[in-house]
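Single-letter residue listing:
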Amino acid sequence: MAGGASATDSAPDSAGGAAEGSAADVWWRTAVVYQVYPRSFADGDGDGVGDLRGILAHLDHLSALGVDVLWLSPIYPSPQEDNGYDISDYQGVDPLFGTLDELDELIAALHARGMRLVLDLVVNHTSAAHPWFAASRSSVDDPRRDWYWWRPPRPGFEAGAPGAEPTNWRSFFSGPAWTLDEQTGEYYLHLFAAGQPDLNWENPRVREAVHAMMRWWLDRGVDGFRMDVINFISKDPTLPDGRAVPGPGGSIAPDGLGDGSASFICGPRIHEFLAEMHRAVFERRGRAFLTVGEMPGVTVDEARLFTDPGRCEVDMVFQFEHVGVDHGATKWEVRPLHLPALKAIMARWQAGLADAGWNSLYWSNHDQPRVVSRFGDDRTEYRAASAKGLATVLHLHRGTPYVYQGEELGMANHPFASIEDFRDVEALSHYRTALGLGEHPSAVLAAMRAVSRDNGRTPMQWDAGPNAGFSRPDVRPWIGVNPDHVTVNAAAQRDDPSSVFTHYRRLVELRHTQPVVSLGDFTMLLADDVQVYAFTRELDGVRLLVLANWSSTDADVEVPDGVAWADAELLLASGTSTEPKGPDADGRWRGGAWDAVVLRRPSVPA
Ligand code: TEU
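From a predicted model like this one, the values you see are computed outputs, not experimental measurements. (Residues numbered from 1 in each chain as written. Predicted model: local features only at pLDDT ≥ 70, side-chain atom pairs only at ≥ 80, totals over all residues. Heavy atoms only, no water.)

A. Summary view of unusual backbone geometry. For Arg284, which is not glycine, the phi torsion reads 55 degrees and is therefore positive. Along the chain, Arg284 falls in the loop between helix 6 (270-282) and strand 10 (290-294). Positive phi, normally seen in glycine, also occurs at Ala468, with a value near 55 degrees. By secondary structure assignment, the location of Ala468 is in the loop between helix 12 (441-451) and helix 13 (490-493). Exposure remark for Ala468: the relative accessible area of 0% places this residue in the buried category. (Helix = DSSP H or I, 4+ residues; strand = E, 2+ residues; numbered from the N terminus. Buried < 20%, exposed > 50% of the residue type's maximum accessible area, 1.4 Å probe, protein only.)

B. Seen up close, the sheet that holds strand 16 (residues 542-549). Read from one edge to the other, the open sheet built from 5 strands follows the order 14-15-16-20-18, with strand pairing classed as antiparallel. Edge positions in the open sheet fall to strand 14 (521-525) and strand 18 (569-574), since each of these has one partner strand only. Between one strand axis and the next, the sheet turns through 15 degrees on average, direction left out of account. Summarising the sheet, strand 15 (residues 532-539) and strand 16 pair through 8 bridges and their orientation is antiparallel. Looking at the pairing, Glu538 lines up with Arg543 of strand 16. Along the sheet face, helix 8 (residues 339-352) touches strand 14 and strand 15 and points at about 15 degrees away from the line of strand 15. (Pairing = 2+ DSSP bridges. Axes fitted to C-alpha atoms, helices over the stretch in contact; angles between N-to-C directions. Contact = heavy atoms within 4.5 Å.)

C. Here's a closer look at the site of the ligand. Around the ligand there are 18 residues in total, and Asp82, Asp228, Lys331, Asp367 and Glu426 lie nearest to it. At 2.5 Å, a side-chain N or O of Asp82 approaches an oxygen atom of the ligand. Protein contact buries 92% of the 480 Å² of open area that the ligand shows by itself. Here the shell around the ligand is composed, by residue class, of 6 nonpolar, 3 polar and 9 charged. (Near = heavy atom within 4 Å. Polar contact = N/O pair within 3.5 Å; in protein donor to acceptor, adjacent residues only side chain to side chain. Areas by Shrake-Rupley, 256 points an atom, 1.4 Å probe, with all protein chains shown as cover. Nonpolar A, V, L, I, M, F, W, Y, C, P; charged D, E, K, R; others polar.)

D. Structural context of the domain arrangement of the protein chain. Per the domain assignment, the segments of the protein chain are domain 1 (131-189) and domain 2 (520-602). Domain 1 and domain 2 are separated by 56 Å when their C-alpha centres are compared. (Domains from an automatic or database assignment.)

E. Focus on the pattern of salt bridges. Tallied over the full model, the rule gives 44 salt bridges. Put simply, Arg505 and Glu509 hold a salt bridge, and the shortest N to O gap is 3.9 Å. Placement of the pair is Arg505 and Glu509 together in helix 14 (residues 500-513), with a separation of 4 residues, close to one helical turn. Take Glu509: its relative accessible area is 45%, and that puts it in the partly exposed class. With its nearest N and O atoms 2.9 Å apart, the salt bridge here joins Arg601 to Asp561. Of this pair, Arg601 sits in strand 20 (residues 596-602) while Asp561 sits in the loop between strand 17 (555-558) and strand 18, and the two are 40 residues apart along the sequence. Since its relative accessible area comes to 45%, Asp561 is described here as partly exposed. Sharing partners across several salt bridges, the network here consists of Asp82, Lys331, Asp367, Asp424, Glu426, Arg453 and Arg457. (Salt bridge = Lys/Arg side-chain N within 4 Å of Asp/Glu carboxyl O.)

F. A look at the sheet that holds strand 6 (residues 186-189). In space, the 3 strands of this open sheet follow the order 4-6-5, with antiparallel pairing throughout. Each having just a single partner strand, strand 4 (150-151) and strand 5 (178-181) make up the two edges of the open sheet. Two elements, strand 5 and strand 6, share 4 bridges in a ladder whose sense is antiparallel. Within strand 6, the position partnered with Trp178 by the bridge is Leu189.

G. A look at the side chain of Arg39. Mapping Arg39 onto the fold places it in the loop between strand 1 (33-36) and helix 1 (52-56). For the buried residue Arg39, which engages in no salt bridge, the nearest side chain bearing the opposite charge is Asp94, 7.5 Å off. (Lys, Arg positive; Asp, Glu negative; His and termini not counted.)

H. Here's a closer look at the confidence of the model for the protein chain. Here the protein chain averages 94 in pLDDT, while 94% of its residues score no lower than 70. Confidence over residues 1-16 falls short of pLDDT 50; this stretch has 41 contacts with residues more than four positions distant or in other chains. Here residues 19-24 is modelled with pLDDT under 50, and outside its nearest four sequence neighbours on either side it reaches 8 contacts, counting other chains as well. (pLDDT = per-residue confidence, 0-100.)

I. Region of the structure containing the pairing of strand 2 (residues 69-72). Side chains Val69 and Trp71 of strand 2 all project onto a buried face; the interleaved residues Leu70 and Leu72 project onto the opposite face, where all are buried too. The sheet contact formed by strand 1 and strand 2 spans 4 bridges and is parallel. Bridge pairing in strand 2 places Tyr34 opposite Leu70. When strand 2 meets strand 3 (residues 116-121), the two strands line up parallel, connected through 4 bridges.

J. The arrangement of the side chain of His61 in detail. Counting through the fold element by element, His61 comes out in helix 2 (residues 59-65). Once you skip the residues sitting within four places of it in the chain, His61 turns out to touch Tyr34, Glu408, Leu409, Met460, Trp462, Ala490, Arg494 and Phe501.

K. Representation of the packing of aromatic side chains. Applying the stated criterion to the full structure yields 32 aromatic pairs. Geometrically, the ring pair formed by Tyr76 and Trp217 is edge-to-face, given 5.9 Å between the ring centres and 70 degrees between the ring planes. One end of the pair, Tyr76, is in the loop between strand 2 and helix 3 (100-112); the other, Trp217, is in helix 5 (residues 204-219), with 141 residues separating them in the sequence. Pair check on accessibility: Tyr76 and Trp217 agree, each one buried. Aromatic side chains Phe318 and Tyr362 sit 5.3 Å apart centroid to centroid with 80 degrees between the ring planes, which places their arrangement in the edge-to-face category. With Phe318 in strand 11 (residues 316-318) and Tyr362 in the loop between strand 12 (360-361) and helix 9 (371-374), the pair connects residues that are 44 residues apart, well separated along the chain. According to the relative accessible area criterion, Phe318 is buried, its value standing at 4%. (Phe/Tyr/Trp six-rings, centres within 6.5 Å; stacked < 30°, edge-to-face > 60°.)

L. Up close: helix 12. Listed in full, the buried residues belonging to helix 12 are Val444, Leu445, Ala447, Met448 and Val451. Taken end-on, helix 12 shows its buried residues confined to a sector of 160 degrees, consistent with a single buried face. (Arc of directions from axis to C-beta.)

M. View of helix 4 (residues 131-138). Among all positions in helix 4, only Trp132, Phe133, Ala135 and Ser136 are buried. Buried residues of helix 4, seen end-on, are gathered within an arc of 160 degrees and therefore sit on one face of the element. Contact partners of the buried residues in helix 4: strand 4, strand 6 and helix 5.

N. Quick peek at the environment of Trp550. Mapped onto the elements of the fold, Trp550 is located in the loop between strand 16 and strand 17. Given the relative accessible area of 7%, Trp550 is considered buried. Those residues within four positions of Trp550 in sequence are excluded, and the remaining contacts are Leu337, Leu339, Leu342, Trp363, Phe375, Leu390, Val393, Gln531, Tyr533 and Trp594.

Pasting the structure below:
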């Protein structure tokens, strides 16, 4: 058990990490997690990049919010090709971010405040600069050769010739998922950037090395892991070609590459690998952990298996369906949000993990555009109300909510002006590829402005001063600060009872104090309504009704059983109305733009 941790602790002798025990006594079921992307959180040493000193200096912010867990994106030594998701040493801290001593200090400081630390575990791939890969690429006979996926050129092709890659797979960051290593004349697999070679989990020595590394961190006091693309680690070893992905209008993708994901999303041995990891790392440790698997492409049925406590794999997963709801053939083809589609996805996940398993709940992270710009309305008059409404909807679902740094302030997308403003490897490779295929730069930039991951990575807005208080005034941060920080910042919001920050604080408090929020059953209402997001929660005779106007115009809907809610207790209200309220005596709900309310009543006795 984390030192000084709160009353939400499970028994100290519980196994933790995909823990055993009854539904109610698993600590993370009432917890809220806050994600820190260290490079963009706070720059303590004045080099323009956020670091551990910066985080240590801002723990009061997390305490004020009341969150239980800090998930820290990668701080390990790394060439930073993918901002630390390319790790060259799993057991250290990149000097860019500080020292191992400072990380120990962070663990102790969090524990002293009753919070826990979850590290990012990136073990689908390493950096190409990792000594394991250096050894692996050195010769076909090296003992570590088989730690990665090496293959000769496609039969009949010369190494390096167009189309000679061993499979037609496209990498997530554009271009082939294979790069030729001239020295041995073979290709290595990288589902992401060329600097992120995929580890071969078929090799038991790879798994043992990862387990040992994880145990080393737990021994240092770390309380769990967020596991990067962990459902990609088991690949069909035959590595068959993927299907060519149809482009818009059914045309075959112009780069001729295919989608290999059928061979690695929740691959043949994934459950075996995660259960083995649980046994080797978390079992019989005598304290409680949190494990969350990031799982692009995971289905509800798979997720139920992954998170069924009886199977001891992971505690919860990040699914991707709801953040793909506004994507076209690719994420760069942005579609307007159709609210019923989002509700259908959320409802399916709530129902699918109701009896076994557990949901994680998120709108944002370092890979997503800012939610207030994406699903809300970031114009001045609607920004705070829409940020609060979106937060209410998410935090009143059943599951463990994740708050991404700046989301609690209503931080918006960045007004990127030109390609020079972007930093992300994904965005930059997309730009090159799209221009190579003849797309117009201004159209490509418009899509990047809307959906680039850099939107989520601009510096945290601490105050209205130069650099938003992220870096010293004389320093140029690694990526541009959003000019809206003069009005949208933590200093302005911390003590303002009507701020987005205060609203998040209340939502965290509701989860901690109202068991129905964390554990109650979920029922979606008004599934087809294009404007209002409505649902009920119920636990032990207590019922909640959540009504949120997901639009910048007034709403007027008939609420199922609405009359019964007319005199219910108003637990939380936000929006553009002077006094947002629940349904009227006629059972209709009339809500102003982005109004959101949470009502409570004891259920009517049968
Ligand atoms: O993300 C996995 C992932 O699916 C995303 O890269 C996704 O493909 C992309 O964001 C779509 O826009 C994880 C990390 O969260 C991400 O930051 C890393 O780049 C990636 O893995 C590789 O480690």
